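Inside the fold
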Amino acid sequence: MATIDAGVEVRTVTAQPLTVEAFKPFGDVISVEGRERLPIDLYGDAVDVFRADFEADEPIEFLLTRGKVRPFEVLFLERHFNLTQTFFPMGGVPFISVVAAPDARLEDEVPATEDVRAFIVPGSVAVNLHKGTWHEPPFPLVDGQVIAYTSHAALTAGLGSNLDARKNINQLDVDKRNIKENAGYRLRVVLP
């Protein structure tokens, strides 16, 4: 759906509930559901252990963000090639994740609107994006929401810089595209 706001076309993507199957093109849902328990004996049967895969070409670090509710407008879509980036909600609070597959069709150097998806991620799980998955940083649903992100030193430096599309992508592992500047429209997320 598209409308006009202050002379700029506004396109929308409707957030949908997160399911393992629906999220598969973009990454993995990290939860114990559907995973095989590993044969690791911790305190008898008091602790079950499950594996969730993660890949990184460099040593990882965690970033903690404390966000305020912001307008559900996707300003940038970015991607990283040296790790499978994970977003962990803290405190059991859900968030909105906006993604497009690594091989999404590009229009005006941003993923085509019909390839962009938004998911309501429950506070009891995390999402782990495939390498190269396009995404907007998570949208908090409450003020003060804390979300932990996986990163690495170059990526963290890249996030703090004024990158535009493809500038220093090899050194900083950030391919960041401004939707309005590149494609001339605004993209909003609407809740169901």
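Everything discussed here concerns the structure shown above.
Given the structure is predicted, the values throughout are model-derived calculations rather than measurements.

Points about the sheet that holds strand β12 (residues 126-129)
- In spatial order, the strands read β3-β12-β7-β14-β4; together these five strands make up an open sheet with antiparallel pairing. What marks the edges here is a single partner per strand, and that holds for β3 (27-30) and β4 (60-67). Between one strand axis and the next, the sheet turns by 20° as a mean value, whatever way the strands run.
- Summarising the sheet, strand β7 (residues 86-89) and strand β14 (residues 145-152) pair through three bridges and their orientation is antiparallel. Paired with Pro89 across the bridge in β14 is Ile147.

What about the packing of aromatic side chains?
- Counting across every chain of the model gives six aromatic pairs.
- Measuring from centroid to centroid gives 5.6 Å for Phe72 and Phe139, while their planes differ by 85°, and the two rings are edge-to-face. Note that Phe72 is positioned in the loop between β4 and β5 (73-74) and Phe139 in strand β13 (residues 134-140), a separation of 67 residues in sequence. Each member of the pair, Phe72 as well as Phe139, is classed as buried.
- An aromatic cluster of three or more residues is present, and its members are Phe23, Phe26 and Phe119.
- The positively charged end of Arg11 is found above the aromatic ring belonging to Tyr185, 3.8 Å away from the centroid.
- Here the basic side chain of Arg70 rests over the ring of Phe139, its NZ or CZ set 4.0 Å away from the ring centre.

What counts, and where the lines are drawn
Residues numbered from 1 in each chain as written. Predicted model: local features only at pLDDT ≥ 70, side-chain atom pairs only at ≥ 80, totals over all residues. Heavy atoms only, no water. Pairing = 2+ DSSP bridges. Helix = DSSP H or I, 4+ residues; strand = E, 2+ residues; numbered from the N terminus. Axes fitted to C-alpha atoms, helices over the stretch in contact; angles between N-to-C directions. Phe/Tyr/Trp six-rings, centres within 6.5 Å; stacked < 30°, edge-to-face > 60°. Buried < 20%, exposed > 50% of the residue type's maximum accessible area, 1.4 Å probe, protein only. Lys NZ or Arg CZ within 6 Å of the ring centre and 35° of its normal.

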